[in-house]
Amino acid sequence: MDAALTELWHTGYMHNRARMVAGSFLTKNLGIDWRHGEEWFWDSLVDADPASNPFNWQWVAGCGDDAAPYFRIFNPELQAKKFDPDGEYVKRWTPPLAPPPIVDLKESRQAALDAYADMKDVTS
């Protein structure tokens with residue numbers, strides 16, 4: 001996450017995979033409203049699009065028109081192992097003394113899934 005957001009801040013660009021992982025982390029692991037992420041990305045991305053940006057955030061948050069994968073929660077550590085196995089991207093954009101994780105991925109994932117289950121039970 002640090003690498004992706006640092007890249008965005010310094011270049012105005014972030015790879016699509018990193019965008020999905022960042023959106024998932026912010027909305028599902030941290031419980032931040034997708035609109036806050038969308039607004040910050042809108043102000044930071046040089047390729048922000050008035051239609052794609054909000055709809056992509058709604059998709060990744062699991063609340064848009066095509067919210068079928070609402071339960072999908074990208075694990076940043078697994079994504080890094082799969083798509084950056086040598087850690088080149090992370091090394092390029094993350095300072096050597098990176099801070100400790102701000103949230104437990106396993107616990108926050110389960111909290112998000114529990115919240116979706118609760119909402120599903122209420123609407124049934």
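Keep in mind that this is a model prediction, so the values were computed, not measured. Each chain carries its own residue numbering, running from 1 in the direction its sequence is written. In view of the model being predicted, local features appear only for residues whose pLDDT reaches at least 70, and side-chain atom pairs are presented and counted only at 80 or more, with totals across whole chains, interfaces and linings using the full set of residues. The basis for every side-chain value is the complete set of heavy atoms in the structure, and neither hydrogens nor water enter the calculation.

**Brief notes about the overall build of the chain**
Right, on to step 1. For the chain, the helix and strand inventory stands at 7 helices and 0 strands.
Right, on to step 2. Its helices and strands taken in sequence order, the chain reads α-α-α-α-α-α-α from the N to the C terminus.
Right, on to step 3. Taken along the three principal axes of its C-alpha coordinates, the chain extends 50 × 35 × 20 Å.
Right, on to step 4. Taking all 124 residues of the chain together, 37% fall into the buried category.
Right, on to step 5. In what follows, residue pairs with any heavy atoms lying within 4.5 Å of each other are defined as contacts. Counting contacts in the chain only where the partners sit at least 6 residues apart, residues at least 24 apart contribute 71% of the total.
Right, on to step 6. Accessible surface is estimated by sampling points in the Shrake-Rupley manner with a 1.4 Å probe; for residues, cover comes only from the protein chains shown. Counting every atom, the chain has about 8200 Å² of accessible surface; 57% of that belongs to carbon and sulfur. Segments assigned H or I by DSSP are reported as helices when at least four residues long, segments assigned E as strands when at least two residues long, and all are numbered from the N terminus. The buried label applies to any residue whose accessible area, calculated with a 1.4 Å probe on protein chains only, is under 20% of its type's maximum; exposed applies above 50%, and partly exposed to all values in between.

**Comments concerning the pattern of salt bridges**
Right, on to step 1. Basic side-chain nitrogens of Lys or Arg form a salt bridge, by our definition, when they fall within 4 Å of a carboxyl oxygen of Asp or Glu. Evaluated as defined, the whole model comprises 3 salt bridges.
Right, on to step 2. Residues Arg19 and Asp47 are paired through a salt bridge, measuring 2.9 Å at the closest nitrogen-oxygen approach. Of this pair, Arg19 sits in helix H2 (residues 16–29) while Asp47 sits in the loop between helix H3 (34–44) and helix H4 (52–61), and the two are 28 residues apart along the sequence.
Right, on to step 3. We note a salt bridge from Asp33 to Arg35, for which the minimum N-O separation is 2.6 Å.
Right, on to step 4. For Arg35, a relative accessible area of 51% translates into the label exposed.

**Topic: the packing of H2 against helix H5 (residues 76–83)**
In a packed pair of helices, the relevant descriptors are the angle between the two axes and the axis-to-axis distance.
Right, on to step 1. Viewed as axis vectors pointing N to C, H2 and H5 meet at an angle of 165 degrees, and their least axial separation amounts to 10 Å. What the angle tells us is that H2 and H5 run roughly antiparallel. Where H2 crosses over H5, the two elements pack in a sense that is right-handed. Contacts between H2 and H5 pair Arg17, Val21 and Phe25 from the former with Pro76, Gln79 and Phe83 from the latter.
Right, on to step 2. Charged means Asp, Glu, Lys or Arg here, nonpolar means Ala, Val, Leu, Ile, Met, Phe, Trp, Tyr, Cys or Pro, and polar covers whatever is left, Gly included. Among the residues forming the contact of H2 with H5, the class breakdown is 4 nonpolar, 1 polar and 1 charged. Helix axes use the C-alpha atoms of the stretch in contact, all axes being lines fitted to C-alpha atoms, and the angles between their N-to-C directions lie in the range 0 to 180 degrees. Angle categories are assigned with fixed cut-offs, so that under 35 degrees is roughly parallel, over 145 is roughly antiparallel, 65 to 115 is roughly perpendicular, and the rest are oblique. Rotating anticlockwise by less than a right angle from the far helix to the near helix defines a left-handed crossing, while the corresponding clockwise rotation defines a right-handed one.

**What about the side chain of Asn53?**
Right, on to step 1. Tracing the backbone shows Asn53 in helix H4.
Right, on to step 2. Setting aside its immediate chain neighbours within four residues, Asn53 contacts Glu38, Phe41, Trp42 and Leu45.

**Details of the packing of helix H1 (residues 2–11) against H3**
Right, on to step 1. Where H1 contacts H3, the axes come no closer than 9 Å and their chain directions differ by 40 degrees. If you check the angle between H1 and H3, you find them oblique. Contacts from Leu5, Leu8 and Trp9 in H1 reach Trp40, Phe41 and Ser44 in H3.
Right, on to step 2. The residue inventory of the contact of H1 with H3, partitioned by class, reads 5 nonpolar, 1 polar and no charged.

**Some thoughts on the confidence of the model for the chain**
Right, on to step 1. Put simply, the chain has an average pLDDT of 90, and 95% of its residues get 70 or more.
Right, on to step 2. Mean pLDDT values for the elements of the chain range from 87 in helix H7 (residues 105–123) up to 96 in H3. Per-residue confidence from the predictor is given as pLDDT, running between 0 and 100.

**Quick word on the nonpolar core**
Right, on to step 1. Buried Ala, Val, Leu, Ile, Met, Phe, Trp, Tyr and Cys residues that are joined via side-chain atoms within 4.5 Å together make up what is termed a nonpolar core. Formed by 17 residues in total, the largest nonpolar core has its most connected members in Leu8, Met14, Phe41, Trp57 and Phe74.
Right, on to step 2. When sequence neighbours within four positions are dropped, the list of residues in contact with Phe74 reads Arg17, Met20, Val21, Ser24, Asn29, Trp59, Val60 and Gln79.

**Here's the deal with a nonpolar patch on the surface**
Right, on to step 1. Like-charged residues are merged into a patch within 9 Å and nonpolar side chains (Val, Leu, Ile, Met, Phe, Trp, Tyr) within 5 Å, provided each residue has over 30% relative accessible area and no salt bridge. A contiguous nonpolar surface patch, about 260 Å² in accessible area, is contributed by Leu30, Ile32 and Ile102.
Right, on to step 2. If you trace the backbone, Leu30 turns up in the loop between H2 and H3.
Right, on to step 3. Leu30 sits in the partly exposed class, given a relative accessible area of 31%.

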